[in-house]
Amino acid sequence: MTGPIASERIRRRELLRRAGVYLVTEESLSVGRRSEQIVEAALESGVRVIQVREKDGSARRALEIALAVRRLTRRYDALLIVNDRIDIAIAAEADGVHLGQADLPVSTARRLLGETALIGLSITDAAQMGAPDAVMADCLGVGAVFPTGSKTDATLTGLALLADVRAVEATRGTPIVAIGGIDAENAGAAIRAGADLVAVISAVTAAPDPGRAAAELLAAVRTASATPTGSPR
């Protein structure tokens, strides 16, 4: 793959790698506020990756949110990723999707979405790193790193899996996203363990001031990224 198509996918992947914080929406965890409100506040504070993940609502409402977020991300030159739903990603002209281990294969998602799309994959066990999906993915979401109430069936992986994934990805350079129970207090630990950026839901969506919460997370990530450590980073 060469030319403008390759360049656009590389641009999107590098924007994601440098973003610091990756906000995942969930209206049921937004204390009565609409996901669009949360997203706009986070974008104003500097967040540049938004994933629409609306597990508890209807597909129609998820599409409404994705379309609204698409308008906002274009205004802020940010990325829109859709969780699981390739149909919603296509309808909203998203920059990509994030898939779980039980979702469609990465190769199928690539065929449906095209070569410019970012395709993320959840990693919950080091053994998954050898599978074709992990090799083909544009980014890897690792966790749950810490205990989380946002996903009741999440597998707790701790920080060790981040270090294991970083060691495997040392030559491929796939962006690594830490997810699960992350807030401003522990985001730095996830970065030092091997993540390029951190994904959050309730740390922003349920915060009294989502914009301030997003800014505090960005600051924590930047501080950790600039701090020399003995980790593989």
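Reading the values: the criteria
- Residues numbered from 1 in each chain as written.
- Predicted model: local features only at pLDDT ≥ 70, side-chain atom pairs only at ≥ 80, totals over all residues.
- Heavy atoms only, no water.
- Helix = DSSP H or I, 4+ residues; strand = E, 2+ residues; numbered from the N terminus.
- Contact = heavy atoms within 4.5 Å.
- Core = buried A, V, L, I, M, F, W, Y, C linked by side-chain atoms within 4.5 Å.
- Buried < 20%, exposed > 50% of the residue type's maximum accessible area, 1.4 Å probe, protein only.
- Axes fitted to C-alpha atoms, helices over the stretch in contact; angles between N-to-C directions.
- Parallel < 35°, antiparallel > 145°, perpendicular 65-115°, else oblique.
- Left-handed = near helix turned anticlockwise from the far one by under 90°.
- Nonpolar A, V, L, I, M, F, W, Y, C, P; charged D, E, K, R; others polar.
- Pairing = 2+ DSSP bridges.
- Polar contact = N/O pair within 3.5 Å; in protein donor to acceptor, adjacent residues only side chain to side chain.
- Arc of directions from axis to C-beta.

We now examine the environment of Ser35. Along the chain, Ser35 turns up in helix H2 (residues 35-44). Between the C-alpha atom of Ser35 and that of Pro210, which follows or precedes it by 175 residues, the distance is 11 Å. Among residues more than four places away in sequence, those in contact with Ser35 are Thr25, Glu26, Glu27, Glu54, Arg61 and Ile65.

By size, the foremost hydrophobic cluster in this structure holds 61 residues, and its most contacted members are Leu23, Ile123, Leu162 and Val198. Ranked by residue count, the leading element in this core is helix H10 (residues 210-226), at 7 residues. Ranked by size, the runner-up nonpolar core spans 14 residues in total, among them Leu16, Ala19, Leu197 and Ala199.

Residue Ala144 follows Gly143 across a cis peptide bond; omega there is 25°. Relative to the helices and strands, Ala144 is located in the loop between strand E6 (139-142) and helix H7 (160-168). Phi angles above zero are rare outside glycine, and Asp84 is one such case at about 70°. Residue placement: Asp84 occurs in the loop between strand E3 (79-83) and helix H4 (86-91). With a phi angle near 55°, Glu93 is a residue other than glycine that sits in the positive phi range. Within the secondary structure, Glu93 sits in the loop between H4 and strand E4 (96-99).

Attention now goes to the packing of H2 against helix H3 (residues 59-76). It is the contact of H2 with H3, at a shortest axis distance of 10 Å, that shows an interaxial angle of 20°. With respect to their mutual orientation, H2 and H3 come out roughly parallel. Of the two elements, H2 crosses H3, and the hand of that crossing is right-handed. Here Ser35, Glu36, Val39, Glu40, Leu43 and Glu44 of H2 come into contact with H3, specifically with Arg61, Ile65, Ala68, Val69, Leu72, Thr73, Arg75 and Tyr76. The residue inventory of the contact of H2 with H3, partitioned by class, reads 7 nonpolar, 2 polar and 5 charged.

Turning our eyes to something else, we now look at helix H5 (residues 106-113). For H5, the complete set of buried residues consists of Val106, Thr108, Ala109, Arg110 and Leu113. Where H5 ends, the next residue or the one after it, Gly114, has phi of about 95°, a positive value.

A few words on the sheet that holds E6. Pairing is parallel in the closed barrel, where 8 strands are placed in the order E1-E2-E3-E4-E5-E6-E7-E8. Looking at each pair of strands side by side, their axes are set apart by 25° on average, direction ignored. Note: E6 against strand E7 (residues 176-179), 3 bridges, orientation parallel. Bridge pairing links Val142 to Ala178 in E7.

Looking now at the side chain of Asp95. Along the chain, Asp95 turns up in the loop between H4 and E4. Here the side chain of Asp95 touches Arg70 through a polar contact of 3.0 Å, side chain to side chain. Excluding residues within four positions of it along the chain, Asp95 makes contact with Arg12, Arg70, Ala78, Leu79, Leu80, Ile81, Thr116, Ala117 and Leu118.

Looking now at H7. Residues lying three or four places apart along an α-helix face the same way, a consequence of the helix completing one turn every 3.6 residues. If you check which residues of H7 are buried, you get Leu161, Leu162, Val165 and Arg166. Along the axis of H7, the buried positions cluster into a sector of 140°, meaning they face one direction only. Opposite the packed face of H7, turned more than 90 degrees from it, sit the exposed residues Ala160 and Ala167. As for H7, its buried residues are in contact with strand E5 (118-123), E6, E7 and helix H8 (187-193).

Next up on the list: the pairing of E5. The buried fraction of E5 is high, at 6 of 6 residues. The side-chain alternation of E5 yields two buried faces, one formed by Leu118, Gly120 and Ser122 and the other by Ile119, Leu121 and Ile123. When E4 meets E5, the two strands line up parallel, connected through 4 bridges. Each residue of the ladder has a partner; that of Leu99, found in E5, is Leu121.

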